[in-house]
Amino acid sequence: MEVFDEVFRPLGFRKKSGSWYRVSGDIYCIVGVQKSSWDESCYVNVGFAPTGTTKDGWLPEAKCLVRFRADAITSISREGLELLSEREGVRPSELRSSLMEKIAVPVALSVDPIGSLGDLQSLLRSGVSGQVFIHREIREALLGGE
């Protein structure tokens, strides 16, 4: 997924396997592309954790305290998500452009400004749906009794 590399590297993300990660302020963020084990589709997973939980600046998405798939980001359309499934008859240049516009850029715009728990709270309250895993360890700090 070179498209993600083009979008995330300029924002300070580093690449490891199919994931882009960075520490910004007090928050670690990772965006990973995961191939489905059922078919030819892919998922885009997003994870956040306080920086103290990383080891040498790295933490796999599955170990993050807040996790969700890109389809939880409210600015991403169903049409955009369909691009992550195998598409026949679509020219590579069209697919690349659509992936950039409908998936990579909206994900980047959602995660780029997150540098504190307060920023993450704002994202969770206004920029993503309720389909978010929030570990009990951080739930109170983010949701404050909700």
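Above: the structure in question.
Residues numbered from 1 in each chain as written. Predicted model: local features only at pLDDT ≥ 70, side-chain atom pairs only at ≥ 80, totals over all residues. Heavy atoms only, no water.

Caption draft 1: Fine view of the packing of aromatic side chains. Tallying each qualifying case throughout the model produces 7 aromatic pairs. When the ring of Phe4 is compared with that of Phe8, the centres are 6.1 Å apart and the planes differ by 0°; the resulting orientation is stacked. Of this pair, Phe4 and Phe8 are both found in helix H1 (residues 2-8), 4 residues apart, which corresponds to roughly one turn of the helix. Across the ring face of Tyr43, the terminal group of Arg69 is positioned such that the distance to the ring centre comes to 3.8 Å. (Phe/Tyr/Trp six-rings, centres within 6.5 Å; stacked < 30°, edge-to-face > 60°. Helix = DSSP H or I, 4+ residues; strand = E, 2+ residues; numbered from the N terminus. Lys NZ or Arg CZ within 6 Å of the ring centre and 35° of its normal.)

Caption draft 2: Seen up close, the side chain of Ser19. Mapped onto the fold, Ser19 is located in strand S2 (residues 19-24). Note on Ser19: relative accessible area 14%, which makes it buried. Contact partners of Ser19, with chain neighbours within four places excluded, come to Arg14, Ile30, Val31, Gly32 and Trp58. (Buried < 20%, exposed > 50% of the residue type's maximum accessible area, 1.4 Å probe, protein only. Contact = heavy atoms within 4.5 Å.)

Caption draft 3: Inspection of helix H3 (residues 92-111) at higher detail. Between the first and last C-alpha of H3 there are 27 Å, a value that for 20 residues agrees with the 28 Å anticipated at 1.5 Å per step. Along H3, the helix axis deviates most sharply at Met100, where the bend reaches about 40°. Regarding H3, the residues found buried are Ser98, Leu99, Ile103, Ala104, Pro106, Val107, Ala108, Ser110 and Val111. Elements that come into contact with the buried residues of H3 comprise H1, S2, strand S3 (27-35), strand S4 (42-50), helix H2 (78-82) and helix H4 (117-127). (Expected span 1.5 Å × (residues − 1). Bend = angle between axes of the 7 residues up to and from the residue.)

Caption draft 4: Fine view of helix H5 (residues 136-143). The complete set of buried residues in H5 reads Ile138, Leu142 and Leu143. Take H5 and look down its axis: the buried residues cluster within an arc of 115°, on one side only. Opposite its buried face, H5 presents the exposed residues Arg136, Glu137 and Glu140, each directed more than 90 degrees away. With its phi angle positive at about 50°, Gly144 sits one or two positions after the end of H5. (Arc of directions from axis to C-beta.)

Caption draft 5: Representation of the pairing of S4. With respect to burial, S4 is a largely interior element, 7 of its 9 residues being buried. Where S3 and S4 come together, 9 bridges link them in antiparallel fashion. Opposite Gly32, over in S4, you have Asn45 as the bridge partner. As judged from the 4 bridges shared by S4 and strand S5 (residues 66-69), these two strands associate in the antiparallel manner. From the neighbouring strand, Asn45 faces S5, where its bridge partner is Arg69. (Pairing = 2+ DSSP bridges.)

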